[in-house]
Amino acid sequence: MGGAVNLGAQVVSSAADVAGKNKSERRYYRALAQAADKQAALTQAASSRRAEYIFRSGAQEYNRLGEEYNKTRAAQKSAWAANGSGNSYTLQQMLQNSRWNYLVDGQTAKQNTADALYENNLAALLETQNLQEEAAQYRSAARRSSGTFARQFMQKMIGLFG
């Protein structure tokens, strides 16, 4: 009789051990999934902040170029007016060249800003997708660990009786 009680206690102990292990594994994988989800959200927020910074920096650069152009144009006009040739063809060419340079530099600044925003958004998208996939894998592992109780219990019983 003592052997049967002892064996019954071992069976109950084995069942409790397997159940506890499964619960612990589920919690572990769920915590990893939550951490990956949180990291994905933080990545998106950081990307939004970087995009705002990139956009503002680009706008500041474009405004700086405009101010520089206006100063250059005013200096050129003043210099030519001081020389008494304020309406010459050469002055008009210089002003046109300055305007052309401003437009090209402005377009370059806009394109650089657009490129930086694209790279920022693409990097954030890829990182977020990776983190979401990681979270999905952890959730899947948590589901698998909860569905293996019977198999793990049977293996323990085989080891107990074998």
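Residues numbered from 1 in each chain as written. Predicted model: local features only at pLDDT ≥ 70, side-chain atom pairs only at ≥ 80, totals over all residues. Heavy atoms only, no water.

A.B. asks: Could you clarify how one ought to interpret the overall build of the chain in this entry?
C.D. replies: Of regular secondary structure, the chain possesses three helices and zero strands. Along the chain, helices and strands appear, N-terminal first, in the series α-α-α. Every one of the 162 residues in the chain was classed for burial, and the buried ones make up 22%. Pairs at least 24 apart in sequence give 86% of the contacts found in the chain among residues at least 6 apart. Working note: accessible area of the chain is about 11200 Å², and carbon and sulfur atoms make up 55% of it. (Helix = DSSP H or I, 4+ residues; strand = E, 2+ residues; numbered from the N terminus. Buried < 20%, exposed > 50% of the residue type's maximum accessible area, 1.4 Å probe, protein only. Contact = heavy atoms within 4.5 Å. Areas by Shrake-Rupley, 256 points an atom, 1.4 Å probe, with all protein chains shown as cover.)

A.B. asks: Before we go on, may I ask you to explain the environment of Ile54 in this structure?
C.D. replies: Summarising the element assignment, Ile54 is placed in helix H1 (residues 2–82). The buried category is assigned to Ile54, whose relative accessible area is 18%. Along the backbone, Ile54 and Thr113 are 59 residues apart, and their C-alpha atoms lie at a distance of 6.5 Å. Excluding anything up to four places from it in sequence, Ile54 contacts Thr113, Ala116, Leu117 and Asn120.

A.B. asks: Explain the packing of aromatic side chains to me, please; I cannot follow it from the model alone.
C.D. replies: In this description, an aromatic ring pair is defined by two values, namely the gap between the centres and the angle between the planes. Inspection of every chain in the model, using the stated rule, returns four aromatic pairs. Taking the centre distance of 6.4 Å and the plane angle of 25 degrees together, the rings of Tyr29 and Tyr138 count as stacked. In this pair, Tyr29 is assigned in helix H1 and Tyr138 in helix H2 (residues 89–146), connecting sequence segments 109 residues apart. Note on Tyr69 and Tyr102: the rings are 5.0 Å apart at their centroids and 15 degrees apart in plane angle, and the pair reads as stacked. Placement of the pair is Tyr69 in helix H1 and Tyr102 in helix H2, with a sequence separation of 33 residues. Exposure class is identical for Tyr69 and Tyr102. Each is buried. Through a chain of ring-to-ring contacts, the aromatic side chains of Tyr28, Tyr29 and Tyr138 assemble into a single cluster. (Phe/Tyr/Trp six-rings, centres within 6.5 Å; stacked < 30°, edge-to-face > 60°.)

A.B. asks: Quick question: what am I supposed to make of the environment of Glu127 here?
C.D. replies: Its location among the elements puts Glu127 in helix H2. Judged by relative accessible area, Glu127 falls into the partly exposed class, the value being 39%. Once the C-alpha coordinates of Glu127 and Ala40 are considered, the two residues, 87 residues apart in sequence, prove to be 7.4 Å apart.

A.B. asks: Would you mind showing me how to read the pattern of salt bridges here?
C.D. replies: Side chains that carry opposite charge are capable of pairing whenever their charged atoms lie near each other. Applying the stated criterion to the full structure yields four salt bridges. The residue Asp37 makes a salt bridge to Arg139 at a minimum N-O spacing of 2.9 Å. Of this pair, Asp37 sits in helix H1 while Arg139 sits in helix H2, and the two are 102 residues apart along the sequence. A residue is classified by how much of its surface remains accessible, and Asp37, at 31% relative accessible area, is partly exposed. A relative accessible area of 34% places Arg139 in the partly exposed class. (Salt bridge = Lys/Arg side-chain N within 4 Å of Asp/Glu carboxyl O.)

A.B. asks: What is the right way to read the side chain of Thr128 from this model?
C.D. replies: Within the fold, Thr128 resides in helix H2. When its relative accessible area of 4% is taken as the criterion, Thr128 is described as buried. With near-sequence residues (within four places) excluded, Thr128 lies in contact with Ala40, Thr43 and Gln44.

A.B. asks: Help me understand the environment of Glu68 in this model?
C.D. replies: With respect to the helices, strands and loops of the structure, Glu68 is situated in helix H1. Each C-alpha atom of the pair Glu68 and Tyr102 lies 8.5 Å from the other, and the pair is 34 residues apart in sequence. Within the structure, the side chain of Glu68 is placed 2.8 Å from the side chain of Arg64, a separation counted as a polar contact. (Polar contact = N/O pair within 3.5 Å; in protein donor to acceptor, adjacent residues only side chain to side chain.)

A.B. asks: Can you walk me through the confidence of the model for the chain in this structure?
C.D. replies: Predicted coordinates in regions of low pLDDT should not be interpreted in detail. Across the chain, pLDDT averages 82, with 73% of residues at or above 70. Per-element confidence in the chain ranges from a low mean pLDDT of 54 for helix H3 (residues 149–161) to a high of 92 for H2. (pLDDT = per-residue confidence, 0-100.)

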